[in-house]
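Next come the chains, spelled out residue by residue.
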Amino acid sequence: MRLYYLGPKETFSYLAAKTYLSEEEVTYSPKSNLYEVIKAVNSHSNAVGIVPIENSIEGTINIVADALAQEDIYAHGEIHLDINFGLYALKGTSLEDIEKVYSIAPAISQTSQYIHRHHFLYDYVDSTIQSLEKIDTHVAAIAPLGSGEAYGFEPIDAHIQDYPHNVTRFLVVKSDEHYSETATSTLLLITPKHDKAGLLASILNTFALFDINLSWIESRPLKTQLGMYRFFVQTDIGKSEELDKVISILETLDFSVKIIGAFNRQ
């Protein structure tokens, strides 16, 4: 079995993957961006992907949320990973020498206060580890703390994220819908068929009617017209009679409902 992740080695996706299955258990296959990870999983029945869906500072990773709605991939697990960033540079470089930093967009966002405090210029790459390739006399990389040493660089500052409790939630995605019967959490995609008042209230009230707690709710544009949204909802309940009743009621209220994941919450 192949495991696809945003590579190369030592990215946060790689570190999350290692907590799921080791390189001795599966064949690790790095991809250069998240879209390639998703397409690879979608194209191979005997494959698994590790993709970030939510960060405690940055929020939802939109490309992954949209892929869950548009591609034939489904969530079969989740991984929570503590996120700590280091500022990597050439050996002997001081913080005062740095003029510009590189990293992926979420990493730049999660360290934006630090960047502005030091008046750094910044630019983007496709992975945190790819940012190490940009290191020069006056250029540093924002990468997972503990990763740059393997490439010959050293951290000149550590724990530079803007907030101390920085966690990213990853999803384990596959191309099949054969969920575990013992799953304790369900991920639903709820799409309104028509625009009308109280759409979100209707969804929330239906879950509240059956005393079902929601651990995650996110809206994303339908991309058909301005003001139309689909909703991602994660419940603290597995597939059950109560959940079936919720789905049935929402469908009578002119929502399209699809289960896009079921797993045990961390």
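If you check an unreviewed UniProt entry, the protein appears there as Prephenate dehydratase from Staphylococcus borealis. Quoted verbatim from the Pathway (unreviewed entry) field of the UniProt record, the comment on the protein reads "Amino-acid biosynthesis; L-phenylalanine biosynthesis; phenylpyruvate from prephenate: step 1/1." Per UniProt, the protein has the following entry under Catalytic activity (unreviewed entry): "prephenate + H(+) = 3-phenylpyruvate + CO2 + H2O".

Attention now goes to the sheet that holds strand β10 (residues 154–158). Pairing in this open sheet of five strands is mixed, and the strands run β8-β7-β9-β6-β10 from one edge to the other. Two strands bound the open sheet, and with one partner strand each, they are β8 (121–124) and β10. Taking each pair of neighbouring strands and ignoring which way they run, the sheet shows an average axis angle of 35°. With four bridges connecting them, strand β7 (residues 100–103) and β8 associate as parallel partners. Considered in β8, the bridge of tyrosine 102 is made with aspartate 123.

Moving on, we come to the packing of aromatic side chains. Inspection of the entire model under this criterion finds seven aromatic pairs. Geometrically, the ring pair formed by tyrosine 5 and tyrosine 14 is tilted, given 5.7 Å between the ring centres and 50° between the ring planes. Ring plane angle 75° and centroid distance 5.9 Å describe the contact between tyrosine 14 and tyrosine 28, whose orientation is recorded as edge-to-face. With tyrosine 14 in helix α1 (residues 12–20) and tyrosine 28 in strand β2 (residues 27–31), the pair connects residues that are 14 residues apart, well separated along the chain. By the burial criterion, tyrosine 14 is buried, and tyrosine 28 matches it.

Its boundaries defined by the atoms lining it, the largest pocket holds a volume of some 400 Å³. Looking at the largest pocket, it is lined by 23 residues, and the ones nearest its centre are Leu6, Leu34, Pro52, Ile104 and Pro106. Here the element with the most residues in the lining of the largest pocket is helix α4 (residues 105–110); it accounts for four residues. Looking at the lining of the largest pocket, its residues break down into 14 nonpolar, eight polar and one charged.

What counts and how
Residues numbered from 1 in each chain as written. Predicted model: local features only at pLDDT ≥ 70, side-chain atom pairs only at ≥ 80, totals over all residues. Heavy atoms only, no water. UniProt positions renumbered as here; feature names shortened; annotations may be inferred. Pairing = 2+ DSSP bridges. Helix = DSSP H or I, 4+ residues; strand = E, 2+ residues; numbered from the N terminus. Axes fitted to C-alpha atoms, helices over the stretch in contact; angles between N-to-C directions. Phe/Tyr/Trp six-rings, centres within 6.5 Å; stacked < 30°, edge-to-face > 60°. Buried < 20%, exposed > 50% of the residue type's maximum accessible area, 1.4 Å probe, protein only. 1 Å grid on protein atoms, 1.4 Å probe; cavity = no way out; pocket = protein on both sides within 12 Å on 5 of 7 lines; lining within 4 Å. Points joined across faces, edges and corners; volume = space filled by probe spheres on them. Nonpolar A, V, L, I, M, F, W, Y, C, P; charged D, E, K, R; others polar.

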